[in-house]
Amino acid sequence: MSSNAERPTPATVRRQRPSPLLITILIVAAIIGAFVLFSGFYADVLWFDQLGFVQVLQTRWLSIAVMFLIGFLGMAVPLAISVQIAFRSRPVYAQLNSQLDRYQELVEPLRQVGMWAAPVVLGLFAGIASATQWETAQLWLHRTPFGETDPQFGFDISFYVFELPLYQQIVGFALAVLFISGVATLATAYLYGAIRVTGREFRISRSARIQLAIIVALYMLALGVSIWLGQYAALAMTSQGFLATGAGYTEVNATIPGAQILAGIAGLVAIFFIITAVIGRWRIAIVGTALLIAASLVVGVAYPAIVQRFQVDPSARTLEEPFIQRNIDATRAAWGIDGMVESESDARTDAEPGALRADAETTANIRIIDPALVTDAFANLQEYRQYYGFAEQLDVDRYEVDGQTQDTVIAVRELDLSGLEEDSWYNRHIVYTHGYGVVAAYGNQRGPEGQPVFLQQGIPTEGALGEYQPRVYFGESTPDYSIVGGAEGSAPLELDYPRSAEEGSGNANTTFSEDGGPKLDSFINRLVYALKFQSEQIILSDAVTADSQILYDRDPRDRVAAVAPYLTLDSDPYPAVVDQRLVWIVDGMTTTSMYPYSSHRSIAQTIADVTNANPELTAGDIVNYMRNSVKAVVDAYDGSVTLYAWDPEDPILQAWMQIYPGTVQPMSAMSGELMSHVRYPADMFKLQRNVLGDYHVTNPATFFSGDDQWATPSDPTWSNAQVTAPPQPPYYLTMSVDGQDPAFTLYSTFIPRDGREVLYGYLSVNADAGSTPGQVSEDYGRLTLQSLPKEGSIPGPGQVQNNFDTDAEVSQVLNILQQGSTEVLNGNLLTLPVGGGLLYVQPVYLQSTGATSFPVLRKILVAFGDDIAFEDTLDEALDSLFGGDSGADAGDSGVDPVPTEPGQEGEQPAPETDLQTQLDAAIAQAGTALQERQAAYAENDLVAAAEADERLTTALAEAIRLSAQIEGEAAPEEAPAETPAPEETTAP
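Quick look at the structure, then. (Residues numbered from 1 in each chain as written. Predicted model: local features only at pLDDT ≥ 70, side-chain atom pairs only at ≥ 80, totals over all residues. Heavy atoms only, no water.)

### Some remarks on empty space enclosed by the protein
- Scanning the model with the defined rule gives two cavities of 30 Å³ or more in all.
- Quantified by volume, the largest cavity comes out at close to 70 Å³.
- What lines the largest cavity is simply Met735, Val737, Gln740, Asp741, Ala743, Thr745, Ser764, Val765, Asn766, Arg782 and Thr784.
- If you list the elements that add at least two residues to the lining of the largest cavity, you get strand E27 (743-752) and strand E28 (761-766).
- Top contributing element to the lining of the largest cavity by residue count: E28, with three residues.
- Residue composition of the lining of the largest cavity, by class: four nonpolar, five polar and two charged.
- By volume, the second largest cavity amounts to about 50 Å³.
- Considering the residues around the second largest cavity, the lining is formed by Ala391, Leu394, Asp395, Ile410, Ala411, Val412, Glu414, Glu476, Pro575 and Trp584. (1 Å grid on protein atoms, 1.4 Å probe; cavity = no way out; pocket = protein on both sides within 12 Å on 5 of 7 lines; lining within 4 Å. Points joined across faces, edges and corners; volume = space filled by probe spheres on them. Helix = DSSP H or I, 4+ residues; strand = E, 2+ residues; numbered from the N terminus. Nonpolar A, V, L, I, M, F, W, Y, C, P; charged D, E, K, R; others polar.)

Structure follows, in structure tokens:
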């Protein structure tokens, strides 16, 4: 049979149709994929719409779409036009070499697709890149003047913040488009014979010459604009000389003029290429390009380097002085420290009787409860159930109690589902949906056993804060999602709180009754959230009805970040009971990195300290301008978010308020009670104190010499010797600063950067906004820097902590307390400007090493100058420190603490056998109380459980005290065993 017979002819070949099953599978897969994609967008719409901020989502999506379209068309259209012109103007009868013939044979079948597909693909990439710049474009459209000008060009600061970034993005995009278009044109012209290179001969058709020359001319023109804009960008960049940010002598006298010259040459070269396109001679364009390259090396690189090396470096102090002053002024203005009150303080170091009489109110408010150490105490005394928990770091606030403002350590009792005994989907998402109430303790008081004194406690909650909505559906520790709500009259499914036996059997249940999340009132909504959370139970469970709502994204910071994405949020949202509601208050800052001459800081690195070891690193972390422009309030019950314009004069906030109109409420809408609980943001204060480490100096010559640089002290209580101690955090205290009336204040200290532990400065800020509705106290936000005598020897926190640790009397008592199964924990070391000097106060906690133990406050350390006192209460310690009478009463005056030393309070130490008997009795009492507490919990009798818990705490504290006394008396008898006598070798 011939070969032709073996090969089927086209007439005998049938086209195989795709399988109907395959088509069906592909269609179903496409529908599922489209629905999954749609469900993500739809869930976002439901969430933002329920919260009342759907316009934020709409504005973002519309802006992204418009910028994507601009980027796509901006790349695809010029590229497609360039390729089409190059192809259509190709020589018809061009003689091609064999290699180009082969290339054309390979390319020609795909030419039609490639000439359109390549621009589309590159356009998609360009569109995606452009879409990420939508915020830059929106800020340009809604730019607002700062009312201040830069010292070099005299432009309003808004030019650098709002306009320059967009202009640079546009020019950079244009350069990319022109470069790609030029390459595509060159390749097409070469492939189709418009450009021929044979040996040393180079030929180009007229049409290709004109097209390439015009593209290069446009590229040179865009390059000239880019170079011209670069001179303005130099004002927010690191200089070649001394300045960390801003144009110094070299930039102003060499780099900036050089940029202007280069921009002019680039424009001239663009004209040369236009001439080339007209007359057909390349020589003038090539010479112009060579001139630009040479000028870039000479004017742009060599000349500034020569000026810096041979003119500036030998006389840097005098030549850089005016530019250092620019940097100082701009940095202090951009970071909000230019209005700081500065004073010299002749701090005394001798502790004289009655020294605190003039600071009686500050003394009465000294906080002795450390919010970083009492979490376990709150947990053991106020959790009540294993599914509740408190934050590791509690918050400090202030409340009016019996007509007096009290510094308060406050915590929210939130859900901790890791403690669930029966962990099922139903329990996790239907039953256990919310926490319950706040627990608050007096900051300046302690109980006889060293436990906190609560002003708000219990379940149901009761205390000095009055009635409020205690249920916590939105907080810092919540399930990923909860399904709540139900029809009116239906049986409540959500656990509300554990009920005592007196209130009735079983636990109290509730039904969420407000609008807190998207509704699950349709099958589509349930399906969308079943896909989002990958749980079929949302569709199948009979607990999910048409009246159900789904709550998610419940962290206060996350909610504020979603509705106000332009804000940099403080890392510590804090709770407050306001107008009978429990709310979270979140500070929002507006920032930029383009403020001329202002020094930059990394937010994450600067705010890191012992209370915030690993801050979240986000985009826009490096900034050189900050304002606390927004106070955000998140309701703990319904999750509603309200944004208040705290600094309505901030131009960046004004621009965003135009972009998202109606989303930010005026300050006048804030109630007086809310005003009384807002505070100065700690993160912003940390950044300001970091800046002031250098910029407390306002004299350029002193700044240049660097001989007066300050640093924040390392945390003196840090115990990990393997890791460098982080900075000491700032502390909130109610106190008087520099003769002002006592107010809620945030403070920090400074030591010299060379590491010597002596105080050089004391920085504080008034954090009390007052209680007038919609009106901020005139003192709020006032920064005060008190400079201390450098020739003095006022000890810093590290030196004071060392004095405490090495004091013979203190160490002896601490060694006794640490014997056995207990350990000593040093609380926060506070520094207060009282008595004409600086008073240090440190609470000392004692904690058993048992599994269920918690720290109790046992001692107070105080220091003034080199004098130290160590007593059971702050009041006693201050009297001891100041010659028997400090002149003022502390908040724990009148407390009769349990003795922690043998023979304290005039009692004679009992014989060891009697102490052992007392210890056995205390242990027995503790065991009985523990059994009674367990029995009370089993019966859900919370009142009896609380009473038994109190007896257990008292018995354990007594056992610890007696154990310390027994071991203290035994220590002298054990000493010879540690130091053998000389005769020991001959003893029988």
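This is not the end of the story, as more comes after the structure.
### Topic: the sheet that holds strand E9 (residues 438-442)
- A sheet is described by the order of its strands in space; here five strands give the open sequence E5-E6-E9-E10-E11, paired in antiparallel fashion. The sheet terminates laterally at strand E5 (395-401) and strand E11 (462-463), the two strands that pair on one side only.
- Across two bridges, strand E10 (residues 454-457) lies against E11 in antiparallel orientation. In the strand pairing of E11, glutamine 457 is matched with glutamate 462. (Pairing = 2+ DSSP bridges.)

### Observations regarding unusual backbone geometry
- Note that the residue after isoleucine 459, namely proline 460, is joined by a cis bond; omega there is -10°.
- Summarising the element assignment, proline 460 is placed in the loop between E10 and E11.
- Its identity as a non-glycine residue notwithstanding, glutamine 534 has a phi of 50°, on the positive side.
- Tracing the sequence through the fold places glutamine 534 in the loop between helix H15 (523-532) and helix H16 (537-540).
- Residue glutamine 534 is classed as exposed on the basis of its relative accessible area of 72%. (Buried < 20%, exposed > 50% of the residue type's maximum accessible area, 1.4 Å probe, protein only.)

### What about the packing of aromatic side chains?
- Scanning the entire structure with this criterion turns up 43 aromatic pairs.
- Plain terms: the ring middles of phenylalanine 155 and tyrosine 232 are 5.4 Å apart, the flat faces sit at 55° to each other, and that makes the pair tilted. Taken as a pair, phenylalanine 155 in the loop between helix H6 (134-141) and helix H7 (157-191) and tyrosine 232 in helix H8 (residues 206-233) lie far apart in primary sequence, 77 residues in all.
- By relative accessible area, phenylalanine 155 is classed as partly exposed at 30%.
- Arranged with centres 4.8 Å apart and planes meeting at 70°, the rings of tyrosine 473 and phenylalanine 512 form a pair that is edge-to-face. Of this pair, tyrosine 473 sits in the loop between strand E12 (471-472) and strand E13 (481-484) while phenylalanine 512 sits in the loop between strand E15 (508-510) and H15, and the two are 39 residues apart along the sequence. Across the pair, exposure class does not vary: tyrosine 473 and phenylalanine 512 are buried alike.
- The structure contains a cluster of three or more aromatic residues connected by ring pairs, namely Phe153, Phe155, Phe159, Tyr160, Tyr167 and Tyr232.
- Above the ring of phenylalanine 474, the side-chain terminus of arginine 554 is found at 5.9 Å from the ring centroid.
- In this structure, lysine 859 packs its charged tip against the face of phenylalanine 870, placed 5.3 Å from the ring centre. (Phe/Tyr/Trp six-rings, centres within 6.5 Å; stacked < 30°, edge-to-face > 60°. Lys NZ or Arg CZ within 6 Å of the ring centre and 35° of its normal.)

### With respect to the pattern of salt bridges
- Across all of its chains, the model carries 21 salt bridges by this definition.
- Here glutamate 342 and arginine 332 are joined by a salt bridge, their closest N and O atoms 3.0 Å apart. One end of the pair, glutamate 342, is in strand E3 (residues 341-344); the other, arginine 332, is in helix H11 (residues 316-334), and 10 residues separate them in sequence.
- For glutamate 342, a relative accessible area of 39% gives the class partly exposed.
- A salt bridge links glutamate 616 to arginine 557; the shortest N-O distance between them is 4.0 Å. One end of the pair, glutamate 616, is in the loop between helix H18 (603-607) and strand E21 (622-623); the other, arginine 557, is in helix H17 (residues 556-563), with 59 residues separating them in the sequence.
- Judged by its relative accessible area of 23%, arginine 557 falls in the partly exposed class. (Salt bridge = Lys/Arg side-chain N within 4 Å of Asp/Glu carboxyl O.)

### As for the layout of surface pockets
- Estimates place the volume of the second largest pocket at around 1,200 Å³.
- Along its surface, the second largest pocket is lined by 43 residues, and Tyr566, Thr568, Thr591, Ala619 and Gly620 are the ones closest to its centre.
- It is strand E19 (residues 581-592) that provides the largest number of residues to the lining of the second largest pocket, a total of four residues.
- When the residues that make up the lining of the second largest pocket are grouped by side-chain class, the tally is 23 nonpolar, 12 polar and eight charged.

### Overview of the environment of glycine 798
- Residue placement: glycine 798 occurs in helix H23 (residues 797-806).
- For glycine 798, a relative accessible area of 22% gives the class partly exposed.
- When the C-alpha atoms of glycine 798 and glutamine 728 are compared, they prove to be 9.9 Å apart, with 70 residues separating the residues in sequence.

### Some words on the pairing of E28
- Across the six residues of E28, six count as buried, placing the element largely inside the fold.
- Of the two faces of E28, the one carrying Gly761, Leu763 and Val765 and the one carrying Tyr762, Ser764 and Asn766 are both buried.
- In this structure, E27 lies alongside E28, joined through six bridges in antiparallel fashion. Residue pairing across strands places leucine 746 opposite valine 765, the latter belonging to E28.

### Some thoughts on the pairing of strand E6 (residues 404-412)
- The buried fraction of E6 is high, at seven of nine residues.
- Connecting the antiparallel pair E5 and E6 is a turn made up of two residues, with aspartate 402 showing a positive phi of about 55°.

### Some words on a nonpolar patch on the surface
- Taken together, the side chains of Ile214, Leu218, Leu221, Leu268, Ile271, Ile274, Ile275, Val278, Ile279 and Ile284 make up a nonpolar region of the molecular surface, amounting to roughly 840 Å² of accessible area.
- Those elements that place two or more of their residues in the nonpolar patch are H8 and helix H9 (249-279).
- Within the secondary structure, leucine 218 sits in helix H8.
- In this structure leucine 218 comes out as partly exposed when scored by relative accessible area, which is 43%. (Patch = residues over 30% accessible without salt bridge, like charges linked within 9 Å, V, L, I, M, F, W, Y side chains within 5 Å. Areas by Shrake-Rupley, 256 points an atom, 1.4 Å probe, with all protein chains shown as cover.)

### Observations regarding the packing of helix H3 (residues 54-88) against H7
- The contact between H3 and H7 brings their axes to 9 Å, and the two run at 25°. Classified by the angle between their axes, H3 and H7 sit roughly parallel to one another. The way H3 lies across H7 gives a crossing that is right-handed. Residue-level inspection shows Gly71, Gly74, Met75, Pro78, Leu79, Ser82, Val83, Ala86 and Phe87 of H3 in contact with H7, the latter providing Phe173, Ala176, Val177, Ile180, Ser181, Ala184, Thr185 and Thr188.
- For the contact of H3 with H7, a count of residues per class yields 11 nonpolar, six polar and no charged. (Axes fitted to C-alpha atoms, helices over the stretch in contact; angles between N-to-C directions. Parallel < 35°, antiparallel > 145°, perpendicular 65-115°, else oblique. Left-handed = near helix turned anticlockwise from the far one by under 90°. Contact = heavy atoms within 4.5 Å.)

### Quick look at the environment of alanine 530
- Among the secondary structure elements, alanine 530 is positioned in helix H15.
- In this structure alanine 530 comes out as buried when scored by relative accessible area, which is 9%.
- When neighbours within four sequence positions are excluded, alanine 530 is seen to be in contact with Ser535, Ile538 and Ile539.

### A closer look at the nonpolar core
- Ranked by size, the top nonpolar core spans 141 residues in total, and within it Ile483, Ile538, Tyr566 and Leu643 carry the most contacts.
- A per-element tally of this core places H7 first, with 10 residues.
- Leave out the neighbours within four places in its chain, and tyrosine 566 touches Met589, Leu643, Leu653, Trp656, Tyr660 and Val664.
- Counting 65 residues, the second-largest nonpolar core is a separate cluster that includes Ala377, Phe378, Ala441 and Leu829. (Core = buried A, V, L, I, M, F, W, Y, C linked by side-chain atoms within 4.5 Å.)

In short, the description is geometric, and any link to function would need to be established separately.
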